[in-house]
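# Tertiary structure, described
Below are the chains, spelled out letter by letter.
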Amino acid sequence: MTLSNTGSVLATLTQLTQLNRTSALTSRVKDLSFGEFICLLDFITAEFQQFLRAIDMINNEALETMLEQVMDAFTLKMGQILQADLTTIFLVDEEKNQLWSKIPDTETGRATKQIRIPINIGVAGHVASTGESLNLPDPYSHPLFNKEVDERPGYRTRSLLCMPIYSSKNQIVAVVQLLNKAGDGPFTEEDEQGFRDFAASIGIILESCQSFYMAARKQRGAEALLRATTYLGQSLDLEATLRFVMEQARDLMQADRSTLFMLSKETGELWTKVANKDGTEIIPIRIPSNKGIAGYVASTRQPLNIPDAYKDPRFDPSADQRTGYLTRNILCMPVFNSSMELIGVTQLINKQPGSFTSSDEEFMQAFNIQAGIALENAKLFENVLLEKQYQKDILQSLSDAVISTDMQGRIVTINEAALELLGCPIRETTGKNNKHLWEQKLIGRFVWDVVPIEHLQFRLQDSLKTGAKQYVPEQTLTVGLYVEKSHQPSVAAVGAMPELSVQAQCAQCQQVAEVLNSEATHSEGEPTGVHILAIRDRINPNIFIPWNESCSPGTVATHSCHQILSADQVQEIERSMNLTVNPLTNPEGGVRGGLVVLEDISHEKRMKSTLYRYMTPRVAEQVMALGDKALMMSERKEVTILFSDIRGYTTLTENLGASEVVSLLNQYFETMVEAVFNHEGTLDKFIGDALMAVFGAPLPLAENHAWMAVQSALDMRRRLAEFNRRRLFGNQPQIHIGIGLSSGEVVSGNIGSHKRMDYTVIGDGVNLSSRLESVTKEYGCDIILSEFTYNLCRDRILVRELDKIRVKGKNTAVSIYELIGDHRQHLDDSTKKFLDLYHLGRTAYTGRSFQKAIAYFEDAYSLRPTDQAVTVHLERCKNYLRQPPSDAWDGVHTMTSK
């Protein structure tokens, strides 16, 4: 290629580099000859090789050291050439409007300390601002000389030369300051001219150095930031994020230590974990959010760059004292989340070498922005995990069975109570919990395939579709538990499967088929303990279809393998429950799943069944609603007690066999208990052929408890008459009973031992009613009331005052009354006359007019010669005529037997 061609190519390349149009290169290249095109490629290649070398330098981690060495060399050489005792090159930082330089450490001689001065202060600032050179033979007499910025501490300046250095673009890039000319003379014009001879070259070199220096720092920072951002964007582990954030920050800033303090708003503290001096122990540190350097930054939300920590009054040396570490300098900066809320503070300690610079602050500010976002995400994720675990713990702690589903009805979560309800043996005898194994079998299954409740599929799908809530009380759930053991008979086949061995026809059933066929061919050996759960077939109630070891249950007709278990092979688990189906909604109100809640009421139903045998359904329901309070808490109550007993029971049953006695008592008590329940009474107990009932406990009655007890006694009288009428037709002996009623305060509650307790009542009212039941034998009556019961319902009943007695074991006398009927009952004239005569006889008797009393009682006797109460009083009167009672006699008769 000729020189002319080369010149043409160079001209073309020069024009191309000056054009902004993207199509310029294409339009020029198409007119070049082959040789010219090859030449162009060579020049472009050379240019790009220069670019690549520059990029390599920027990416080289040793570049910063190399550039510092170049600066040190220039400084040294200029001092030698101009015979200066001390030379400093100040670079111009246009963004911060400052001059900065690294000065050597007096001990090591290395450039370890960075100084910065405002660009408008002192001699160096004036030169940098104006471009005017200053040669001061007596600096102290010059008004621009500022000792604080133009002179080193402990140094005496005798002469000073300060000159600007220009870049290739004629901009001041640096200021050179030379102090103290050798020989104690001033700097000369020749010195100034000598400096100008190489100043232009130095300017270009410094311009390149500074550009390379800043590019290298930015490149290193960008790479570190990119690595950190990449990791932080992927990590949601808060602990790992904290650790990685500070490792990257330490490497990026060339710090000895890095610490991230997280702000705890709840406690008002900054907390972190740091290693001790030897790195053998992690020490937790908590400080108030307004204490120390980190606390100051957290309070003010402003960064702090401290070159000497122990000279700063805000520094708290207690952490150093605990860890044995020595803090020299600190860069502490706030960390914000995306909402500009303070979430922490980063603290870098001991820059190696030197102190932290403003460039370090800029890099850390950019780094903290990314770190804040990552920490916020990690914290949010941790909160989500904590909330999820919290909800999971709540779910597992619920006593009700709870199953959540997706929109298709597949199980998403299931708690332990639900597994137990379904019969899953989640705990082995060794104590091992198999809950997770059963969850694996259930998660993803349709809930209606494993929870055999009628219409569950329809109810759940309707709830998912419409958002409706459904509650269905007292549903029955029956599952079968089959424990596979090697010596246990295998599964029985049905219909077209005459043999015991199971032939699996689908892959889903292969596993259970192998297990069950293995059972069929082995008669001995240890049980394997495989639990198979099955649900009752929807058509044939005598068979069960496995669900946890086979394919999805259905009916025998639809099941591809016809694998079934006969009813006699499984242990049936039947429970009663209340079913609730609710939609799970998102914050916008849309349905995102379903919730099936099964409240096991099996125990409640058993308790109800038990309570129904002792009290009316209404009272039983109230007791159930109150829970343990109604039965377990002892309390004093006003009640009426009813005792009844069969007269001559021993004689009545001595000629009957055991089964006949039981049959007689069952028939008798059946009708008597109905009389109690019909009037809101509570059956307390059976005592042989006796019955005890309470009115007014465990719950108070809406009606007068005495009146309800009286009605119950009258009802028992009527029922006994009907009962005897039927026995009369059967040629069976008649039954007679005695009933005692008394009212008063008792203590009610569960009484007994830890092994056995019964609900009952105790008190004087109980004892007295029992005695009155026995007293009916003395007076030949079937129902006797105490005065306490009589006074509570006297306006509603017809009675005969029988006597005033003192029962055995009591000192207090009580009036007793025979219950004739309620106030609506019609009395004939004979009965009225008899009652009047009896009353007159009692009045004369208590008035010690025994002869007169005998006359009345004899008249009454003529009307009712079988009345035992009249006979008793006649006998007493005649005895008192023969042997009068003492003057203290008050008409009370003391009973000598129970």
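Residues numbered from 1 in each chain as written. Predicted model: local features only at pLDDT ≥ 70, side-chain atom pairs only at ≥ 80, totals over all residues. Heavy atoms only, no water.

## Brief notes about the overall build of the protein
Within the protein one finds 27 helices and 29 strands. With 898 residues in all, the protein has 46% of them scored as buried. Looking at the protein as shown, the accessible area adds up to about 47300 Å², and 51% of this sits on carbon and sulfur atoms. (Helix = DSSP H or I, 4+ residues; strand = E, 2+ residues; numbered from the N terminus. Buried < 20%, exposed > 50% of the residue type's maximum accessible area, 1.4 Å probe, protein only. Areas by Shrake-Rupley, 256 points an atom, 1.4 Å probe, with all protein chains shown as cover.)

## Things to note about helix 27 (residues 868-882)
Between its terminal C-alpha atoms helix 27 stretches 22 Å, which fits the 21 Å expected from 15 residues at 1.5 Å a residue. Buried residues of helix 27: A869, V870, H873, L874, R876, C877 and Y880, and no others. Buried residues along helix 27 cover an arc of 165 degrees about the axis, so they all sit on one side. Exposed and oriented more than 90 degrees from the buried face of helix 27 are E875 and R882. On the buried face of helix 27, the contacting elements are helix 23 (764-779), strand 27 (797-806), helix 25 (829-846), helix 26 (850-863) and strand 29 (893-894). (Expected span 1.5 Å × (residues − 1). Arc of directions from axis to C-beta. Contact = heavy atoms within 4.5 Å.)

## Re the environment of F458
On the secondary structure map, F458 appears in helix 15 (residues 456-466). Sequence separation of F458 and W448 is ten residues, and the distance between their C-alpha atoms is 9.3 Å.

## Points about the packing of helix 25 against helix 27
Here helix 25 crosses helix 27 at 30 degrees, and the two axes come no closer than 11 Å. Considering their axes alone, helix 25 and helix 27 lie roughly parallel with respect to each other. Pair helix 25 / helix 27 crosses with left-handed handedness. For the pair helix 25 and helix 27, contact is made by F834, Y838, R842 and Y845 and by A869, V870, H873, R876, C877 and Y880, respectively. Tallied by class, residues from the contact of helix 25 with helix 27 come to seven nonpolar, one polar and two charged. (Axes fitted to C-alpha atoms, helices over the stretch in contact; angles between N-to-C directions. Parallel < 35°, antiparallel > 145°, perpendicular 65-115°, else oblique. Left-handed = near helix turned anticlockwise from the far one by under 90°. Nonpolar A, V, L, I, M, F, W, Y, C, P; charged D, E, K, R; others polar.)

## Describing helix 5 (residues 122-130)
Within helix 5, the full set of buried residues consists of G122, V123, A124, G125, V127 and A128. G131 sits one or two residues past helix 5 and shows a positive phi near 80 degrees.

## A short note on the nonpolar core
With 39 residues, the main nonpolar core has L642, L691, V710 and L741 as its most contacted residues. Residues in contact with V710, not counting those within four places in the same chain, are L741, L785, T789, C793, I797 and L819. If you look at the next biggest cluster of nonpolar residues, it comprises 31 residues, including L772, V775, F850 and A853. (Core = buried A, V, L, I, M, F, W, Y, C linked by side-chain atoms within 4.5 Å.)

## Some details on unusual backbone geometry
Positive phi outside glycine occurs at E680, with the angle close to 65 degrees. Mapped onto the secondary structure, E680 falls in the loop between helix 21 (658-677) and strand 22 (682-687). Even without being a glycine, N731 presents a positive backbone phi close to 60 degrees. Here N731 is to be found in the loop between helix 22 (705-729) and strand 24 (737-752).

## Overview of the packing of aromatic side chains
With the rule as written, the count across this model stands at 15 aromatic pairs. With a centroid separation of 5.6 Å and an interplanar angle of 70 degrees, the aromatic rings of F195 and F198 are classed as edge-to-face. Within this pair, F195 and its partner F198 are both found in helix 7 (residues 189-234), separated by three residues, close to a single helical turn. Comparing F195 with F198 shows no difference in burial state: the two are buried. Each ring, one from Y845 and one from W889, has its centre 5.4 Å from the other, and the planes form 85 degrees; the classification is edge-to-face. One end of the pair, Y845, is in helix 25; the other, W889, is in the loop between helix 27 and strand 29, and 44 residues separate them in sequence. By relative accessible area, Y845 is classed as buried at 1%. Owing to a relative accessible area of 14%, W889 belongs among the buried residues under this scheme. Cluster of aromatic residues (ring-pair linked, three or more members): Y668, F669, F686 and F723. In this arrangement the basic side chain of R800 is found over the ring face of Y838, its NZ or CZ atom lying 4.5 Å from the centre. (Phe/Tyr/Trp six-rings, centres within 6.5 Å; stacked < 30°, edge-to-face > 60°. Lys NZ or Arg CZ within 6 Å of the ring centre and 35° of its normal.)

Scope: geometric values only; no functional claims are made or implied.
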